[in-house]
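# Architecture and fold: a report
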Amino acid sequence: MPELASRREVAAAPDAVERELTEIRVAGFGGQGVILAAQILGKAAAIFDGVHATMTQNFGPEARGGACSAQLIVARHPVLYPYVTKADILVAMSQEAFGKFVPELKQGGLLLVERDLVRIQQDLPERVRTYGVPATRIAEKLGKRVVQNIVMLGFFGAVTEVVSRKAMEQAVLSSVPASMAALNKDALQAGYEVGRACLESRLPASECDQIPEYAAWLD
Amino acid sequence: MHADPTGVLTGTHFLNGDQACCEGALAGGARFSAGYPITPSTEIVERFSKRIPTIGGVFIQMEDELAASIAIQGAVWAGAKAFTVTSGPGFSLMMEHIGLAAMTETPCVFVDVQRGGPSTGLPTLPAQGDMMQARFGSHGDYPCIALCPSSPQECFTLMVRAMNLAEEFRTPVFLMMDEVVGHMTERVQIPPAETIAVTPRKLTDKAPGEFRPYEDSEDLVPPMAHAGEGYQFHVTGLTHDERGYPSMTPATQAKLIRRLREKITRGMDRITQVEEDNVDGAEVVVVSYGITMRVAQRAIKLARAEGIAVGGMRLVTVWPFPEERIHALAGRVRALVIPELNMGQVALEVERCARGATQVIPVPHAGATVHDPQQILDAIRKGAGR
């Protein structure tokens, strides 16, 4: 069972009685595969890691291009309350999503952004750690922009410890068409590598493009 | 009898409640559905329409809910197990035919994925505002069975159960979901077909000339015959005698209406399903159902952390109402707290059953989201006199 790492720096909250859980918000615009990303993440946790996960997606007049988000609670115990109250992790794949959901990010939480699509223009809650990945560019270089959500999942897998690497890969491969398996595997791998390089460099997100593994995707 | 393996997707899945409900219908033996899809129930029949051609069955998208709710009854009399799905606005339109199913004793399942109302209300947002409509929505006196799942896993298991209860009691059964449960995705374990009990249709063993479709039987549930098997009989919404022919006398009416009621009352023990959590010794018990019970459990934990002895009772079957269970509980506690996503529907029933023996504190909510656990916690504190 993976460590729920993002918990480490979370301050005691009023709902501390059921603290062994991680609240995640994945947000972007319709067409980026936001819901599928949350679905895969939940599947990795609930099916392949054997912990509990509850995913809810925001339903509304959302279509391609509109704001779109999903919520995921991962826990050691069955999840009771199904919604995010304060996010431990925010994955923001668009500027609009970032602006809308950053206020619900917990102090000491994790912020993961699509670095080419999100500019961090406002103050973040205290002690938030930020990581950025050029997921769309990486996906384009791999051959298809649609796998940018899978790149993001790889990146997520490297910088958090919510789900295991093996579970993530199993969840991805069981969620995409067999004919696209190789491409998705590459996308996941690329995301992991970039994420691991960022983590190991200990550099702030704004300076990560100095890392060779990271810079390689930027030209 | 166990489930037909061709309809059972045995394994561990990550499904939303709607998808799990569809799998429950298939495992429970449904091979026909007609629907006029409506948010937030659409995914149930979307999946059914995709799955059923490979299993061997039919889905028809009808012109409206009236047609959908009567087409399933035609399918039942032709030998299929059938269900339809809807949400508030469609549920309202189905009421006439729900009464027909009760009167003609047509076993079928109506799934209502509740959204905010009245009218078209909140298509994509939750409520539990149709609970009384399920009980009393169609005219006349008829009993009903309604189940309330609080997770995708239960959408599966309770849909199988709904299909079974419909057959056992020859009555329409309601699966009262809500938008949160319908659209929430969690792990769903579907067991092997041979471990899923399925209630077969109770069919007559009499020859066509001797068959009486509404004859007296010991359990008050008369055996059926299917169309096309050589039996000639009449099925009508008019008050009918044992032969199924209209007979509008006080005696026939009394006999029929009493039997419809009595067959459910006698089966209470087999129908009633409630889950109790630390009810013994509790000062306060929270009584709830569906998604609201999960939210309430958070409040219960918080209250316990404050030292309040609080228990929980989850109504898995809401109708017929577990009257005696509630009455017995009422005599032992300081208060019953009833959170629900409506302005107080099941709370009225709890109050009736408590018969003044305890304080009943409703925690109403207009819907569109779930309760803030704090609201329920405040009611628990009030009930405990803190």
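Attention now moves to the overall build of chain B. A tally of regular secondary structure across chain B gives 13 helices and 15 strands. Radius of gyration (C-alpha) of chain B: 21 Å, near the 21 Å computed for a compact globule of 386 residues. Oriented by its inertia axes, the alpha-carbon framework of chain B measures out at about 70 × 50 × 40 Å. Relative to its full complement of 386 residues, chain B shows a buried share of 61%. For chain B, the proportion of contacts with a sequence separation of at least 24, taken over those separated by at least 6, is 77%. Roughly 14200 Å² of accessible area belongs to chain B as shown, and the carbon and sulfur atoms make up 53% of that amount. In chain B, which carries 35 positive and 44 negative side-chain charges, the distance between the mean positions of the two groups comes to 3 Å.

This part covers the overall build of chain A. Scanning chain A from N- to C-terminus turns up seven helices and six strands. Starting at the N terminus and walking to the C terminus, you meet the elements of chain A as β-α-β-β-β-α-β-β-α-α-α-α-α. Looking at chain A as a whole, 55% of its 219 residues are labelled buried. Across chain A, the fraction of contacts at a sequence separation of at least 24, relative to all contacts at a separation of at least 6, is 59%. With an accessible surface of roughly 9200 Å², chain A has 52% of that area assigned to carbon and sulfur atoms.

To continue, consider the confidence of the model for chain A. With 88% of its residues at a pLDDT of 70 or more, chain A shows a mean pLDDT of 89. Below pLDDT 50 for its whole length, residues 1–18 of chain A participates in 47 contacts with residues either more than four positions away or in separate chains.

Facing the 24 residues of chain B at the interface are 24 residues of chain A. Summing both sides of the interface, chain B and chain A together bury roughly 2100 Å²; the carbon and sulfur share of this comes to 61%. Counting across the interface, chain B meets chain A through zero salt bridges. Taken together, the connections running from chain B to chain A amount to seven residue pairs in polar contact (both at pLDDT 80 or more). Of all the elements in the fold, those that place two or more residues in the side of chain B that touches chain A are β1 (11–16), α7 (179–183), β9 (184–190) and α10 (291–305) of chain B. Tallying contributions element by element places α10 of chain B first for the side of chain B that touches chain A, with eight residues. For the side of chain B that touches chain A, the class distribution of residues is nine nonpolar, eight polar and seven charged. Relative to β9 of chain B, strand β2 (residues 52–57) of chain A runs antiparallel, the two sharing two bridges. Bridge pairing in β9 of chain B links methionine 55 of chain A to threonine 185 of chain B.

Moving on, we come to the nonpolar core. Counting 72 residues, the largest nonpolar core has Ile44, Phe83, Val109, Val111, Met159, Val337 and Ile380 of chain B as its most contacted members. Of the residues forming this core, the biggest block, 10 residues, is contributed by helix α6 (residues 152–169) of chain B. Residue-level mapping places this core at the junction of two domains, with at least three residues from each of domain 1 (5–195) and domain 3 (274–384) of chain B. Leave out the neighbours within four places in its chain, and phenylalanine 83 of chain B touches Ala25, Ala30, Phe32, Ser33, Ala34, Ile44, Phe48, Ile72, Val109, Val111, Met159 and Met163 of chain B. By size, the runner-up hydrophobic cluster in this structure holds 58 residues, among which are Phe155, Val176, Cys208 and Tyr214 of chain A.

Counted according to the given criterion, the structure contains eight aromatic pairs over all chains. A centroid spacing of 6.2 Å and a plane angle of 85 degrees characterise the contact between tyrosine 81 of chain A and tyrosine 83 of chain A, whose relative ring orientation is edge-to-face. Like tyrosine 81 of chain A, the residue tyrosine 83 of chain A is buried in the burial classification. A centroid spacing of 5.3 Å and a plane angle of 75 degrees characterise the contact between phenylalanine 211 of chain B and tyrosine 231 of chain B, whose relative ring orientation is edge-to-face. Here the residue phenylalanine 211 of chain B occupies a position in the loop between β9 and α8 (250–266), and tyrosine 231 of chain B occupies one in the loop between β9 and α8, the gap between them amounting to 20 residues. In this structure an aromatic cluster arises from ring pairing among Trp77, Phe211, Tyr231 and Phe233 of chain B. One residue, arginine 165 of chain A, lies across the ring of tyrosine 192 of chain A, its end atom 3.9 Å from the ring centre.

All names here are of chain B. By secondary structure assignment, the location of leucine 125 is in strand β6 (residues 122–126). According to the relative accessible area criterion, leucine 125 is partly exposed, its value standing at 32%. Residues leucine 125 and valine 370 lie 245 residues apart in sequence; the distance between their C-alpha atoms is 9.6 Å. Residue contacts for leucine 125: discarding those within four places in its chain leaves Gln114, Arg115, Gly116, Glu179 and Ala368.

Turning to the pairing of β9 of chain B, a few remarks are in order. Residue and element names in this part refer to chain B. In terms of burial, β9 is largely enclosed, as five of its seven residues are buried. Of the pairings in the sheet, the one linking β1 to β9 comprises six bridges and is antiparallel in character. Note on β9: the bridge partner recorded for threonine 12 is glutamine 189.

Turning next to the sheet that holds strand β10 (residues 274–277) of chain B. Residue and element names in this part refer to chain B. Taken together, the five strands give an open sheet; going across it, the order is β10-β12-β11-β14-β15, and neighbouring strands pair in mixed fashion. The open sheet is flanked by β10 and β15 (359–363), the only strands paired with a single partner. Within this sheet the neighbouring strands show an average axis-to-axis angle of 20 degrees, counted without direction.

Next up on the list: the environment of glutamine 128 of chain B. Residues and elements named next belong to chain B. Looking at the secondary structure, you find glutamine 128 in the loop between β6 and α5 (131–136). Spatially, the C-alpha atoms of glutamine 128 and cysteine 148 are 9.9 Å apart, while their sequence positions differ by 20 residues. Here the side chain of glutamine 128 touches tyrosine 289 through a polar contact of 3.1 Å, landing on its backbone oxygen.

Residues and elements named next belong to chain B. Contact geometry for helix α11 (residues 323–330) and helix α12 (residues 346–354): axes closest at 8 Å, N-to-C directions at 65 degrees. One way to sum up the angle between α11 and α12 is to call them roughly perpendicular. Here α11 and α12 pass one another in a crossing that is right-handed. Facing α11, whose interface residues are Glu323, Ile326, His327 and Ala330, α12 presents Val350, Arg352, Cys353 and Ala354. Among the residues forming the contact of α11 with α12, the class breakdown is five nonpolar, one polar and two charged.

Now for the pairing of strand β14 (residues 335–339) of chain B. Residue and element names in this part refer to chain B. Of all five residues making up β14, five are buried, and the element is well covered by its neighbours. The alternating pattern of β14 places Ala335, Val337 and Pro339 and Leu336 and Ile338 on opposite faces, both of which are buried. Bridge analysis of β14 against β15 gives five bridges, and the strand direction is parallel. Along β15, the bridge assignment pairs alanine 335 with glutamine 359.

About the cut-offs
- In every chain, residue numbers begin from 1 and rise along the written sequence.
- Going through the entries in the order they are written, you letter the chains from A and number the ligands from 1.
- Reporting of local features is limited, given that this is a predicted model, to residues whose pLDDT is at least 70; pairs of side-chain atoms are given and counted only at 80 or more, and all residues count toward the totals for whole chains, interfaces and linings.
- Hydrogens and waters are ignored; side-chain quantities use all the structure's heavy atoms.
- What counts as a helix is a DSSP run of H or I of at least four residues, what counts as a strand is a run of E of at least two, and both are numbered from the N terminus.
- We compute the radius of gyration from the C-alpha atoms alone; for a globule the expected value is 2.2 Å times N to the 0.38, where N is the number of residues.
- Remark: exposure states derive from per-residue accessible area (1.4 Å probe, protein chains only) relative to the maximum for the residue type, with buried under 20%, exposed over 50%, and partly exposed in between.
- Contact between two residues is taken to exist if any of their heavy atoms lie within 4.5 Å; hydrogens are not considered.
- Residue-level accessible areas treat just the shown protein chains as cover; the underlying method is Shrake-Rupley with a 1.4 Å probe.
- Positive charges are assigned to Lys and Arg, negative charges to Asp and Glu, while His and the chain termini are left out of the count.
- By convention, charge coordinates are those of NZ in Lys, CZ in Arg, CG in Asp, or CD in Glu.
- Scored from 0 to 100, pLDDT records how confident the predictor is in each individual residue.
- Note: buried area is the sum, over both parts, of the accessible area (probe 1.4 Å) each one loses when the two are combined.
- When a carboxyl oxygen of Asp or Glu lies within 4 Å of a side-chain nitrogen of Lys or Arg, that pair is called a salt bridge.
- Any N or O atom pair separated by 3.5 Å or less is treated as a polar contact, with the protein-specific requirement of one donor-capable and one acceptor-capable atom, and with residues adjacent in sequence counted only for side-chain atom pairs.
- Lys, Arg, Asp and Glu make up the charged group, whereas Ala, Val, Leu, Ile, Met, Phe, Trp, Tyr, Cys and Pro make up the nonpolar group; the residues left over, Gly among them, are polar.
- Note: two strands are recorded as paired if DSSP finds a minimum of 2 bridges between them.
- Throughout, nonpolar core names a set of buried Ala, Val, Leu, Ile, Met, Phe, Trp, Tyr and Cys residues whose side chains join them through atoms within 4.5 Å.
- Residue ranges for the domains originate in an automatic or database domain assignment.
- Geometry of aromatic contacts follows a simple scheme: Phe, Tyr and Trp rings, the Trp one being its six-membered ring, pair when their centres are within 6.5 Å, and the pair is stacked under 30 degrees between planes, edge-to-face over 60, tilted otherwise.
- Sitting over a ring, as applied to charges here, requires NZ of Lys or CZ of Arg to be within 6 Å of the ring centre and within 35 degrees of the ring normal.
- To get an axis, fit a line to the C-alpha atoms, keeping to the stretch in contact for a helix; angles then go from 0 to 180 degrees between the N-to-C directions.
- Angles below 35 degrees are treated as roughly parallel, those above 145 as roughly antiparallel, those between 65 and 115 as roughly perpendicular, and all remaining angles as oblique.
- The hand of a helix crossing depends on one turn: near helix anticlockwise from the far one by less than a right angle means left-handed, and clockwise means right-handed.

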